[in-house]
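The chain contents come next:
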Amino acid sequence: MSTAAGRPPATDAAVLAALPAAVSGERMAATVATLAAEAFAGRRVGSAGGAAARGWLSRHLADLGATVTVEPFEVRFVPEVYAAPDVRWLDGDTVRRLAFGRDVAVHLASADQPLVRRGGLAVAGAGDPGGRWLVVPAGMTLFDAYGHAHGALGLLIGRGVDADGWHFTMLAGPNPGPLPILTLDTATHAALHAAAAAGDGWLAGNTPIRRLDVPAANLHGAWPAGAGPQVLLTAHYDGVGDHPGLRQPAAADNGSGVAVVLEAARVLTTLVPRQVRLSVALLDAEEAGALGSAHHAAQLRRAGAAPLVVNVDGAGDLHRAAAVEAGGPAHALLAALDQAGRYTGLPLTAGPVASDNRRYAAAGLAAVGIGAGMAGYHSPADTPDRVEPATLTAVAKLVTAAVWLATRSHPPAP
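Below is a short write-up of the structure. Just so you know, the residues in each chain are numbered from 1, in the order the chain's sequence is written. The model is predicted, so local features are restricted to residues of pLDDT at least 70 and side-chain atom pairs to those at 80 or more, both for listing and for counting; the totals for chains, interfaces and linings are taken over all residues. Heavy atoms from the whole structure form the basis of all side-chain values; hydrogens and water molecules are not counted.

Moving on, we come to the sheet that holds strand S2 (residues 88-91). One open sheet accounts for eight strands, arranged S3-S2-S9-S5-S6-S7-S8-S4; its pairing is mixed. What marks the edges here is a single partner per strand, and that holds for strand S3 (94-97) and strand S4 (104-106). Going from strand to strand, the sheet's axes swing by 30° on average, the running direction of each strand aside. Judged from the four bridges that link them, strand S5 (residues 113-123) and strand S6 (residues 132-135) form a sheet pairing that is parallel. Within S6, the residue paired with Ala122 across the bridge is Leu134. When DSSP locates at least two bridges between a pair of strands, those strands are taken to pair. Put simply, DSSP H or I for four residues or longer makes a helix, DSSP E for two residues or longer makes a strand, and each gets a number counted from the N terminus. Axis lines are fitted through C-alpha atoms, for helices just across the contact stretch, and the angle between N-to-C directions can take any value from 0 to 180 degrees.

See below:
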């Protein structure tokens, strides 16, 4: 028997043997570098950089032969630090300016205060808060700190930084509260706590953060229907966005996942075009609460569609094994993924992949999430040079092999 294109049906051995030559780590690395470039400005949902990235990806999908559609939706209350905070502290006889992103950041629950406020220091719960910046002791909740903060200028909270010395940037989190709130790296927080306890020094700072309602859009690509079951490959293309004066390229999170999905789609549509009914969803607003996948999963559910979903979030820095999280009726898909790991030599381990796969699983779809590491998570250190082409290649081979193995047992449609 032959396919409609006149080619004999592919076999497991033939397809899997062809994967090393078909998958290109260099091509994926180039995709990551493009998405992480300055023109796309960190790809925050609703930003000009995010829209520019979406346009580039749309053209890329069309070049791969996909029919491309854009599905808009709205995202409310997206936090934006619209200016670098100006924070100075009198440390003994020296006025220190705290470095944005390293020593200090703006807390998501902060009120918007663009004007610099200067006042003495006090420890929350242990001194007069009036007209002072309150250092919140480690272990005190934000709720309890508010209870001690009547008349305070703002709150100072300790927070750990990453291995590169950067604060993590987040978009999903608490709503703004009544006071300005700054987060300090643990060493700076400890020093300010000691100064406040001794009644020494002052701090001057501001918290320029606002919430915006913004347009977002998912990007969908579909290829001419194959004969097998429907497979949906997904990855979010948004990042947390640049801060004023701080580039946050979002190379591993999640330029790497987008690169893998595009490469896997390219291989599947050329190597086994009739084996799968393939579609791709490049999702927006994952960093704001996985809202793009929530929007798409609801659409699929209303339409009665039940694709097998493979989501990739982070494929840049493999250590010992790639993490896999399964949800929904994913037993067969998980078995295919396990088999693909054995074929390709990529070790897999059950682990949390807290990304868009969870939204599809919650909608009742068979969904797996794959995560293979991301250096510089949500910081300026998430740069293309830290995304390993070998990891990109390994994950793309895994995804392609898993899709092939999950669909090969289904007979071609007449």
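There is more to say after this.
Grouping buried Ala, Val, Leu, Ile, Met, Phe, Trp, Tyr and Cys residues that are joined through side-chain atoms within 4.5 Å yields what is termed a nonpolar core. Residue burial is assigned from relative accessible area. The probe radius is 1.4 Å, only protein chains are included, and a residue is buried under 20% of its type maximum, exposed over 50%, and partly exposed in between. Of all hydrophobic cores here, the largest spans 63 residues; its most connected members are Leu233, Val260, Leu282, Val395 and Val399. For this core, the element with the most residues is helix H10 (residues 389-407), which contributes twelve residues.

Taken as a whole, helix H2 (residues 25-35) has its buried residues at Gly25, Met28, Thr31, Val32 and Leu35. Projection of H2 onto a plane perpendicular to its axis shows the buried side chains occupying an angular sector of 120°, all on one side. Whether two residues are in contact is decided by their heavy atoms: any pair within 4.5 Å suffices. Close packing links the buried residues of H2 with helix H3 (48-63), helix H6 (251-271) and H10. The directions from the helix axis to the C-beta atoms are what the arc is built from.

Attention now goes to unusual backbone geometry. Backbone phi values are negative for most residues with the exception of glycine, while trans is the configuration of most peptide bonds. A cis amide bond links Asp253 to the next residue, Asn254, at an omega of 10°. In this structure, Asn254 sits in helix H6. Not every positive phi belongs to a glycine, and Arg43 is a case in point at roughly 60°. Here Arg43 is to be found in the loop between H2 and H3. The class for Arg43 is buried, based on a relative accessible area of 1%. One non-glycine residue, Ala290, lies in positive phi territory at about 55°. Mapping Ala290 onto the fold places it in the loop between strand S12 (277-283) and helix H7 (291-303).

A cavity here means a set of 1 Å grid points, computed over protein atoms only, where a 1.4 Å probe fits but cannot escape. A pocket is an open set with protein on both sides within 12 Å along at least 5 of 7 lines, and lining residues have an atom within 4 Å of a point. Grid points are joined across faces, edges and corners, and a volume is the space filled by probe spheres set on the points. Applying the stated criterion to the full structure yields one cavity of 30 Å³ or more. As for the largest cavity, its lining consists of Val240, Gln248, Ala250, Asp253, His378, Ser379 and Asp382. Its residues placed into classes, the lining of the largest cavity shows two nonpolar, three polar and two charged. When residues are sorted by character, Ala, Val, Leu, Ile, Met, Phe, Trp, Tyr, Cys and Pro go into the nonpolar class, Asp, Glu, Lys and Arg into the charged class, and all the rest, Gly among them, into the polar class.

Patch rule: a residue counts if its relative accessible area is over 30% and it has no salt bridge; like charges are joined within 9 Å, and nonpolar side chains (Val, Leu, Ile, Met, Phe, Trp, Tyr) within 5 Å. Note on areas: Shrake-Rupley, 1.4 Å probe, and residue coverage restricted to the protein chains presented here. We define a salt bridge as a contact between a side-chain nitrogen of Lys or Arg and a carboxyl oxygen of Asp or Glu at a distance within 4 Å. A surface patch of nonpolar side chains, amounting to about 250 Å² of accessible area, comprises Phe168, Met170 and Tyr377. Structurally, Met170 is set in the loop between strand S7 (154-158) and strand S8 (181-184).

Geometric values such as these leave the question of function open.
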